[in-house]
Amino acid sequence: MPDTYLPRHLVPELEAALGHTRVVNLIGPRQAGKTTLVRDLFARGRFVSLDDAATLAAIEADPYGQIKAMREELGDTPLIIDEAQRSTDLSLAIKRIVDEDRRKGQFVLTGSSNVFRTANVADSLAGRMRTLTLWPLSAAEIHRAPVSRLISWASEKEPQLSAIKAEPVSRSGVIDLILRGGFPEIRQMPLRERQRQYRDNVDTMVDRDVADIIKIRKTDALRRLIDQMAARTANELNIAELSNAVKVRRETIEQYIDILLRLSVIVQLGAWASGEGKREIKNPKYHFVDSGVLCALRRFGDNAFDLGADPAAFGAVLESYVLNELLRAAPMQDTDARFYHWRSADKREIDILIESGRKLVGVEVKAAATVDASDFRHLRWFGQDGPGRTRQFTGLVFYLGSEKLSFGGGLFALPVSSLWSGAG
């Protein structure tokens, strides 16, 4: 069965949102599977696409009248509007309709960017709309496994290693997952065609989707920035250095980064602050959302991650991969999780720091098949003597070995395969 029909873990969240809110806003990267999910898998309501020029023209001419007429024909089933960001006035029309009719589940909107990007419109829909993000396929979805429960497991008072499942997987098996990425149709292609398609999709996004957010004069500069960001995944950014590399002003770089965030090309990890002092670095880190796109942009092929290749390059790609697997599973955990990174001025750092209430989970990523106590030095200090000492803290090191190991004091080494084998 093709990847297009792989079960998506977000379906229960989507169904629940339709039962509790008037508008569900489903956003995510181009070709991540949003249209397939709402039309072919969800199979409810009426589907219209604003990629159709005639439909878009009619809605632009009379947004309230057209949308209201469509809604009145449907009763209690949703109106599904694909590529909703193509209409500039759609959000105000929908706000007016759901103010007049308080029934739940009236609209499902999909798009590569958020149609409710105007702050006053989004604020006025508070309590009436839920925004969900459909990311590219997770490894658990690709393996037809249940959603990973690792964050909930790590947030338990005394996590038990026996609850973790980890299937044997080779280094080459992990690399294949990374190179393929998570876009349902593209990941099945042979390497050369796949990477060309990923790069073509980035070009299409720059030429087409960006215009739905803002008009920019120098699309070539944005394309250069994307390549520069790919080379810096899992890193803090030096904006002045980027500005020189791309040859545009600092303000333009910041605007372009905001566009890439809104189009779900990259994600930002803010710096976690303990409140204990000023000796913590405040710069955010940025990660590419999909490892397949990242590898295509950097021209990483089958041999790019051989043992003799640049270990720093593989380490950054693997860190972004692990982060994205955790992000994809986060909405289905027991409690809300917020993601950060942490670094102190004396060079202690944690790649990923997950905050769930008063609980903290620190995550380090190691691109090697072995692990020892020294790999936990920052996690151990953070939990015992550092800012995590007053909180419940669990430290995890994901690595390319096959054994799940306890290093005492709530510190665990987990194979990367536990991200999809999960916690039972």
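Keep in mind that this is a model prediction, so the values were computed, not measured. (Residues numbered from 1 in each chain as written. Predicted model: local features only at pLDDT ≥ 70, side-chain atom pairs only at ≥ 80, totals over all residues. Heavy atoms only, no water.)

Draft legend 1. Region of the structure containing the pattern of salt bridges. For the coordinates displayed, the defined rule picks out 29 salt bridges. In this structure, the salt-bridge partner of arginine 208 is aspartate 51, at a minimum N-O distance of 2.3 Å. Taken as a pair, arginine 208 in helix H10 (residues 191–209) and aspartate 51 in the loop between strand S2 (46–49) and helix H3 (53–61) lie far apart in primary sequence, 157 residues in all. Looking at arginine 208, the relative accessible area reads 34%, which means it is partly exposed. The residue aspartate 334 makes a salt bridge to arginine 149 at a minimum N-O spacing of 2.5 Å. On the criterion of sequence distance, the pair formed by aspartate 334 in the loop between helix H15 (311–329) and strand S9 (338–343) and arginine 149 in the loop between helix H7 (139–142) and helix H8 (150–154) is long-range, its members being 185 residues apart. A relative accessible area of 59% means that aspartate 334 is categorised as exposed. (Salt bridge = Lys/Arg side-chain N within 4 Å of Asp/Glu carboxyl O. Helix = DSSP H or I, 4+ residues; strand = E, 2+ residues; numbered from the N terminus. Buried < 20%, exposed > 50% of the residue type's maximum accessible area, 1.4 Å probe, protein only.)

Draft legend 2. A look at the pairing of strand S11 (residues 359–365). Within S11, six of the seven residues are buried, which leaves it mostly tucked inside the rest of the structure. Examined bridge by bridge, strand S10 (residues 349–356) and S11 share five bridges and lie antiparallel to one another. Among the inter-strand pairings, isoleucine 352 is bridged to a residue of S11, identified as valine 363. The loop that links S10 with its antiparallel partner S11 comprises two residues; one of these, glycine 357, has a positive phi angle of about 65°. Relative to strand S12 (residues 392–399), S11 runs parallel, the two being bridged by seven bridges. By the bridge assignment, glycine 362 is partnered in S12 with glycine 395. Running through helix H16 (residues 377–384), the crossover from S11 to the neighbouring parallel element S12 is right-handed. (Pairing = 2+ DSSP bridges. Right-handed = clockwise from strand over helix to strand, strands pointing away.)

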